[in-house]
2 protein chains.
Amino acid sequence: MSELLDKAKKIKKASEILKKMNAAEKNKTIMEIAKEIKKNKDYILKENQKDVLLAEKKGLKKSLVDRLVLNEKRIQGMINACNTVINLKDPVGEIFDSFLRDDGLRISKVRVPLGVIGIIYESRPNVTLEATILSLKSGNTVLLRGGSDAINSNKAIVKTIKSGLKKSNIPESVIEIIEDTNRDIVNEMLKLNDYIDLIIPRGGKGLIDFVVKNATVPVLETGVGICHIFVDESADIKKSIDIIDNAKTQRPGTCNTVETVLIHKNIAEKILPGLKNRLEEKNVEIRGCEETLKIINVKKATEEDWKTEYLDLILSIKIVNEIDEAINHIKTYSTGHSESILTENYFNAMKFINEIDSAAVYINASTRFTDGGEFGLGAEMGISTQKMHARGPVGLKELTTYKYLIFGNYNVRE
Amino acid sequence: MSELLDKAKKIKKASEILKKMNAAEKNKTIMEIAKEIKKNKDYILKENQKDVLLAEKKGLKKSLVDRLVLNEKRIQGMINACNTVINLKDPVGEIFDSFLRDDGLRISKVRVPLGVIGIIYESRPNVTLEATILSLKSGNTVLLRGGSDAINSNKAIVKTIKSGLKKSNIPESVIEIIEDTNRDIVNEMLKLNDYIDLIIPRGGKGLIDFVVKNATVPVLETGVGICHIFVDESADIKKSIDIIDNAKTQRPGTCNTVETVLIHKNIAEKILPGLKNRLEEKNVEIRGCEETLKIINVKKATEEDWKTEYLDLILSIKIVNEIDEAINHIKTYSTGHSESILTENYFNAMKFINEIDSAAVYINASTRFTDGGEFGLGAEMGISTQKMHARGPVGLKELTTYKYLIFGNYNVRE
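Residues numbered from 1 in each chain as written. Chains lettered and ligands numbered in written order. Predicted model: local features only at pLDDT ≥ 70, side-chain atom pairs only at ≥ 80, totals over all residues. Heavy atoms only, no water.

## Structural notes on the UniProt feature "domain: Aldehyde dehydrogenase" (unreviewed entry) in chain A
Residues and elements named next belong to chain A. Under the UniProt annotation, "domain: Aldehyde dehydrogenase" (unreviewed entry) lies at residues 10-284 and 307-376. Here residues 10-284 is 51% helix and 16% strand, with 50 Å between the C-alpha atoms at its ends. The span residues 307-376 is 30% helix and 26% strand, and its two end C-alpha atoms sit 31 Å from each other. (UniProt positions renumbered as here; feature names shortened; annotations may be inferred. Helix = DSSP H or I, 4+ residues; strand = E, 2+ residues; numbered from the N terminus.)

In structure tokens:
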């Protein structure tokens, strides 16, 4: 039997046991995992060093090597994540939408784990730990397939997690990692409908598109964010500059960062010079449409810019004649992540939130708030940009489903 | 441009208009559609007659021809469906999970339509009307692809629906039907991610499997139901026979009909003779396991029986040694639709509902209740047997999604 099928079978079996565990047992396990991470810190760092050296030797891009690196701070981040997840409420078992029929049949929904979650991810080894503890806490087992560049780090982290599991009542096979780095394995994994209930791809657009195209297992699409801010003519100039600055520079490599700012023509001359000064102080490269170039001296934006998630200190700016043009631009180029309108006009604010259909639609706030922590979920598995099942930050509740429970008294249908 | 792409583009555009319509406008439209169905009854019946004659000439199975036939009663059923859907609450626009952050940011979810729903269905032409009005009421446009056997009926119904749309403010292109009966079109439709938000296959296992395997658009799997009833040793004999009779014979062609009854060995001798008498009175063919054959004289069940959705007056029976054996049998053969335990033992009832992970899990009731009408949803698009997005009956609410709305006061993230 292949490694994939063998592990998928083990994990599906373990899923039946994990489903019966209560929150106290799951929390104890996550605490044991945190202890083992702390104890095995040097081992994990040593194995990670192998991956980093290999990556540097292969000439991997600096930003990718940086994602791969573990250090004291990142290990501490993993331990902190365990503590955060322990303190979150277990969503499993909640009874909701309950009602009593005239014939005495009591119908309700109960929240249950999805079952087995498959995670396909790229270079960040801390995903190995974070995805595992979020899955465990929500009662799901997890089959991991990390990038080949991080294989030594991932194997070390999984080994450490399993040491923690050994000290609990939860079987070791609630988590497995595919060690075979052959790319064909991903394709096979995407079609394991009998063993995997949900696939979550975490990584760049290429990975996500490949998964969506080839999976027969249901997919939760996360991540790509071409986010927009529309500055309406009634917006406050200074506060708008503060928001654009925050949305672009607070952490430019994240998916909720603004990539394109749309500016109403009647406010363009008032806001652009100040905006340019502020962004250039923060080393942001501006790319403007033709109308923008008539007001400030910046690089020219091309069609390609409207389609690009920079994940970098670059911002494209387009001047629009009216709110409808802004809405149409967003409908054309948005990835359905986060969009914001800055305005003091009531009807324009309402029009924007009614017509823009993205996971998060803002009035007068930075797009940077789209985040599980900021939205009160505590932690997240990613940001869903699809409409099915869950939209926006994917927390513990979004990793569950429900089933109907019906309590009868020997009832038959008339 | 192909018919498919042309209609997909039109429908996506119409979707933007439909999303802005309120319940009053949508209800008026459905009322106009009902009026036109009534007015054009003879035309629809005449076109349907063409399909029926062709089907008979082709030698189609009698049960399939029966599904295809429209008559006065079925046309009245379509008109009644319009009235039912008009009276349902519009789920769109509901604000929920709202909270106010310490910094004054108000975060909430608002229920919104999915967008464009693609329906791929087989011979029943009344699905054309039912799928359309459920989609319209929930703010979704609908791209229909019916079976080639029903093409004349479906075209006539769509033409009639469009006459109703002409008398309302809602554009005609909120519904389109693919007239090209070439099978390759289905495959193309399954990959139209830029135009279709959700595909719902309605039909037999072959169709559903094909859609799941080939779609890149998200799919809502509906329908196939191998439902089980487990008669525990403590169950009341007479009431258990009433429930099995109801679950098998009340409407044997439906997906929530019981197909396999599992009986605890300690109650088998007491219940089987009476059960056999009752079912044979109702013309049900029983197929039993070896142990069953020692008690009653019936046909022998094979491995194939446990895997079969009969949709007919046939029932398979298996005697089990204990509840765990019943649970394992269900886990192995269930399609995740509906399962019921008949018992007076509290802990066995709890064990069953905790360990069985199907869309609907019953204690002491017939599986026939799994239905949008019975569960209080008013009407349904089918019964979901998948875990993502929606489980069990798919009503108006399940045809929607949500987006986050964030009301700020020029807030930036710290």
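## Considering the interface of chain B and chain A
Facing 80 residues of chain B, the contacting portion of chain A comprises 80 residues. Taken over both partners, the interface formed by chain B and chain A buries close to 6300 Å², and the fraction arising from carbon and sulfur atoms is 54%. Broken down residue by residue, the surface that chain B buries against chain A is led by B:M388, B:Y410 and B:R413, which jointly contribute 16%. The tally of links from chain B across to chain A stands at 14 salt bridges. For the salt bridge of B:K331 with A:E16, the shortest nitrogen-to-oxygen distance reads 2.7 Å. Between chain B and chain A we count 50 residue pairs in polar contact (both at pLDDT 80 or more) in total. Sorting the residues of the side of chain B that touches chain A by element identifies strand 1 (95-100), strand 2 (106-113), helix 9 (205-214), helix 10 (237-249), helix 15 (346-355), strand 13 (360-365), strand 15 (392-393) and strand 16 (400-411) of chain B as the ones contributing at least two each. If you tally residues by element for the side of chain B that touches chain A, the top one is strand 16 of chain B, at eleven residues. Among the residues forming the side of chain B that touches chain A, the class breakdown is 34 nonpolar, 20 polar and 26 charged. (Contact = heavy atoms within 4.5 Å. Buried area = accessible area lost by both parts, 1.4 Å probe. Salt bridge = Lys/Arg side-chain N within 4 Å of Asp/Glu carboxyl O. Polar contact = N/O pair within 3.5 Å; in protein donor to acceptor, adjacent residues only side chain to side chain. Nonpolar A, V, L, I, M, F, W, Y, C, P; charged D, E, K, R; others polar.)

## What about the packing of helix 2 (residues 23-39) of chain A against helix 5 (residues 72-87) of chain A?
Residues and elements named next belong to chain A. In the contact formed by helix 2 and helix 5, the axes pass within 9 Å of each other and the chain directions differ by 170°. As the angle between them shows, helix 2 and helix 5 are arranged roughly antiparallel. Residue-level inspection shows N27, I30, M31, A34, I37 and K38 of helix 2 in contact with helix 5, the latter providing I75, M78, I79, C82, V85 and I86. (Axes fitted to C-alpha atoms, helices over the stretch in contact; angles between N-to-C directions. Parallel < 35°, antiparallel > 145°, perpendicular 65-115°, else oblique.)

## Focus on the relation of the copies chain B and chain A
In screw terms, the move from chain B to chain A is a rotation of 180° and a rise of 0.0 Å along the axis, fitting with an RMSD of 0.0 Å. As the rotation angle and translation indicate, the two copies are arranged about a two-fold axis. Measuring from the rotation axis to each C-alpha of chain B, the shortest distance belongs to B:H389, at 1.8 Å. Taken together, the interface assignments show that 100% of the residues at the interface of chain B recur at the interface of chain A, consistent with an identical surface on both copies. (Least-squares fit on C-alpha atoms with pLDDT ≥ 70 in both.)

## Remarks on the packing of aromatic side chains
For any pair of aromatic rings, the description consists of the separation of the ring centres together with the inter-plane angle of the planes. Applying the stated rule across the entire model yields eight aromatic pairs over all chains. Ring centres of A:Y402 and A:Y404 lie 6.1 Å apart, and the angle between their planes is 85°; this geometry places the pair in the edge-to-face category. Each ring, one from B:Y346 and one from B:F347, has its centre 5.0 Å from the other, and the planes form 80°; the classification is edge-to-face. Accessibility expressed as a relative area gives 51% for B:Y346, which makes it exposed. (Phe/Tyr/Trp six-rings, centres within 6.5 Å; stacked < 30°, edge-to-face > 60°. Buried < 20%, exposed > 50% of the residue type's maximum accessible area, 1.4 Å probe, protein only.)

## Points about helix 10 (residues 237-249) of chain A
Residue and element names in this part refer to chain A. Over its 13 residues, helix 10 extends 18 Å from the first C-alpha to the last, a length consistent with the 18 Å expected when each residue adds 1.5 Å. Along helix 10, the residues classified as buried are S240, I241, I243, I244, D245, N246, A247, K248 and T249. With a side-chain oxygen lying 3.2 Å from the backbone nitrogen of K238, the N-terminal cap of helix 10 falls on D236. (Expected span 1.5 Å × (residues − 1).)

## Side note on the pattern of salt bridges
By the definition in use, this model includes 84 salt bridges over all chains. In this structure, A:R413 and B:E374 form a salt bridge, with 3.3 Å as the shortest nitrogen-oxygen distance. Of this pair, A:R413 sits in the segment after strand 16 (400-411) while B:E374 sits in the loop between strand 13 and strand 14 (383-384), each in a different chain. We classify A:R413 as buried; its relative accessible area is 15%. A salt bridge links B:D6 to B:K10; its shortest N-O distance comes to 3.7 Å. Here B:K10 and B:D6 lie together in helix 1 (residues 3-18), a separation of four residues that amounts to about one turn. Note on B:D6: relative accessible area 30%, which makes it partly exposed. Relative accessible area serves as the criterion here: at 39%, B:K10 is assigned to the partly exposed category.

## Topic: the pairing of strand 4 (residues 141-145) of chain A
Residues and elements named next belong to chain A. The buried fraction of strand 4 amounts to five of the five residues, a majority that puts the element mostly inside the structure. Judged from the five bridges that link them, strand 3 (residues 116-121) and strand 4 form a sheet pairing that is parallel. Residue pairing for strand 4: I120 is matched across the bridge by R145. For the crossover that starts at strand 3, traverses helix 6 (residues 126-137) and ends in the parallel strand 4, the hand is right-handed. Inspection of the sheet shows strand 4 paired to strand 5 (residues 175-177) by three bridges, in the parallel sense. Looking at strand 5, one finds that L143 is bridged to E176. (Pairing = 2+ DSSP bridges. Right-handed = clockwise from strand over helix to strand, strands pointing away.)

## Comments concerning the domain arrangement of chain A
Residues and elements named next belong to chain A. For chain A, the assigned domains read domain 1 (3-222 + 381-406) and domain 2 (227-369). Taken together, the contacts link seven residues of domain 1 with eight residues of domain 2. A per-residue breakdown of the area domain 1 buries against domain 2 is headed by I383, T385 and R391, which together make up 74% of the total. If you look at where domain 1 meets domain 2, you find two salt bridges. A salt bridge links D357 to R391, with the shortest nitrogen-to-oxygen separation between them at 2.9 Å. (Domains from an automatic or database assignment.)

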